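# Breakdown of the fold
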Protein chains: 2
Amino acid sequence: MKSVEKHNKILVSATKVFAKKGFFNARISDIAKEAKVADGTIYLYFNNKFDILISVLEEEIGKIIEQIQKAIKKETDPHKMLTIFVHKHLAAMKQNKNLAEVIHIELRQSDKLVKEYRNKTFKQYIDLISEIIRLGQEQHIYRKEIMPGIAKRAFFGALDEVSRVWTETSTSSYSLEETTEQVLSLFLFGMIERRD
Amino acid sequence: MKSVEKHNKILVSATKVFAKKGFFNARISDIAKEAKVADGTIYLYFNNKFDILISVLEEEIGKIIEQIQKAIKKETDPHKMLTIFVHKHLAAMKQNKNLAEVIHIELRQSDKLVKEYRNKTFKQYIDLISEIIRLGQEQHIYRKEIMPGIAKRAFFGALDEVSRVWTETSTSSYSLEETTEQVLSLFLFGMIERRD
DNA sequence: GGTAGATGAATGACTATTCATTCATCTACT
DNA sequence: AGTAGATGAATGAATAGTCATTCATCTACC
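Residues numbered from 1 in each chain as written. Chains lettered and ligands numbered in written order. Predicted model: local features only at pLDDT ≥ 70, side-chain atom pairs only at ≥ 80, totals over all residues. Heavy atoms only, no water.

We now examine the relation of the copies chain A and chain B. Each of the two chain copies can be brought onto the other by rotation about an axis and movement along it. Take chain A, turn it by 180°, move it 0.0 Å along the axis, and it overlays chain B with an RMSD of 0.1 Å. Look at the turn and shift together and you get a two-fold axis relating the two. Minimal C-alpha distance to the rotation axis in chain A is attained by A:G190, lying at 1.8 Å. Comparing interface residues between copies, 100% of those in chain A also lie at the interface in chain B; the contact surface is shared. (Least-squares fit on C-alpha atoms with pLDDT ≥ 70 in both. Contact = heavy atoms within 4.5 Å.)

A separate point is the protein's contact with DNA strand D. What surrounds DNA strand D is a group of 13 residues, the closest being A:A38, A:T41, A:Y45, B:R27 and B:Y43. Protein-adjacent atoms of DNA strand D, using a 4 Å cutoff, are sugar or phosphate at a proportion of 76%. Interatomic distance of 2.7 Å between a side-chain N/O atom of A:Y45 and a phosphate oxygen of DNA strand D. No other element matches the four residues that helix α3 (residues 39–45) of chain A contributes to the surface near DNA strand D. Looking at the surface near DNA strand D, its residues break down into seven nonpolar, three polar and three charged. (Near = heavy atom within 4 Å. Polar contact = N/O pair within 3.5 Å; in protein donor to acceptor, adjacent residues only side chain to side chain. Helix = DSSP H or I, 4+ residues; strand = E, 2+ residues; numbered from the N terminus. Nonpolar A, V, L, I, M, F, W, Y, C, P; charged D, E, K, R; others polar.)

Let's shift gears to the layout of surface pockets. Volume-wise, the largest pocket comes out at about 600 Å³. In this structure, the largest pocket is lined by 28 residues; those nearest its centre are A:R118, A:N119, A:R153, B:R164 and B:E168. Contributing elements (two or more residues each) for the lining of the largest pocket: α7 (112–138) and α8 (148–168) of chain A together with α6 (97–106) and α8 (148–168) of chain B. With seven residues, the top contributor of residues to the lining of the largest pocket is α7(A). By residue class, the composition of the lining of the largest pocket is eight nonpolar, eight polar and twelve charged. In this model, the second largest pocket occupies a volume close to 410 Å³. (1 Å grid on protein atoms, 1.4 Å probe; cavity = no way out; pocket = protein on both sides within 12 Å on 5 of 7 lines; lining within 4 Å. Points joined across faces, edges and corners; volume = space filled by probe spheres on them.)

This brings us to the protein's contact with DNA strand C. Around DNA strand C, the surrounding shell holds 14 residues, and the nearest of these are A:R27, A:I28, A:Y43, A:K49 and B:T41. Within 4 Å of the protein, the atoms of DNA strand C are drawn from sugar and phosphate moieties in a proportion of 74%. In this structure, A:K49 approaches DNA strand C through a main-chain N or O atom, which is 2.8 Å from a phosphate oxygen. Measuring from a phosphate oxygen of DNA strand C, one finds a side-chain N or O atom of B:T41 at 2.3 Å.

This part takes up the UniProt feature "domain: HTH tetR-type" (unreviewed entry) in chain A. As annotated by UniProt and renumbered to match this structure, "domain: HTH tetR-type" (unreviewed entry) occupies residues 4–64 of chain A. End-to-end, the C-alpha atoms of residues 4–64 of chain A are 19 Å apart, and along that stretch the chain is 80% helix and 0% strand. (UniProt positions renumbered as here; feature names shortened; annotations may be inferred.)

All names here are of chain A. Topologically, T180 is positioned in helix α9 (residues 176–189). A polar contact is formed between the side chain of T180 and the backbone oxygen of L176, at a distance of 2.7 Å. For T180, the residues in contact, after removing those within four places along its chain, are V86, H87 and L90.

Right under this line is the structure:
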């Protein structure tokens, strides 16, 4: 097995173990066992336990973020951009449940390095939303009363919590499509019934 | 100092330390120092470290939840109920920042006992939202296409993430009133501009 | 002088990390 | 092609440090 593959195998195993037990309750030996390598081997690929977590965040989440950013930048219509954002985000969360769980749990950690990561890469991600909203406001599509700085958080928080349903229940529950549609419809049209 | 007071003092100190360092990085000696008692004294009031966390969740958050539930049950108008929910939730989060941070971080933990708590008390709290939405749908105030099971999560997730702004920034940032108004307006009317 | 409550040093369990050793694979010389 | 020697990836037992928890002792009040 090539060196890169082993690095990746440890990363995937770590994601699985972190998702199940949480970072602090995860043992290096758990990760080693899951990856079918010796404890010591882990240290040939990562500096320490924390470095593994940071790598999971950086590499795994980074891929998703980059992919979504790229897809959005091809569009100019705010509605379509938001649709892409919601759909891709939820799809990624539903597809990789271990990673989703690590995001839900570990990205909250109060550790300095984790906060740093959250502040850097993650802020950039969330700011995509406020930029789209501002764009929509300039085009008179979205209400000018909306404050993008608050709305971006509400929007992301909603996505984050909604996607949790897939990590915490084993039953099929809501489908990706209906969830996407619901969240979009909620934020675009609101809850109030209107007479045409 | 009476026994009850000391219990409470330890609880408040623990909340502060958990907020700053997170549960796993918090030392019993940190909590003891913060509460100005000896390490051993903690064990006269709590069974173990984890019991302290659970007590923080049960007692501190419990108070807030109960208070909000009570206030809502006095109302019958869905709009007013939601307004109360949003305002009281955000007010509580802004007022007690340490507790807010513990909620943001520790309620996510993958530990069995924490999950149990989340599933029990917390579900009940979130379900308040879906009940209000259903009520509004019956009264033809809210769109019938909205799925309360998804909307309740989106709603709570939004509140949760929005309130984080107060725990992570030291600057005054958004006021309680404008945040409440923004979130409500967002969920009720959506983002789309309409011509009357 | 008896007791409830408080103290904090000592204990011991737990685990991240290290490193001496192994061994499969490669190199280069005959 | 066969072999001696070199390489460094992989191993996992041993180490070393950290803390939650305990408990012998103390304090202060009745």
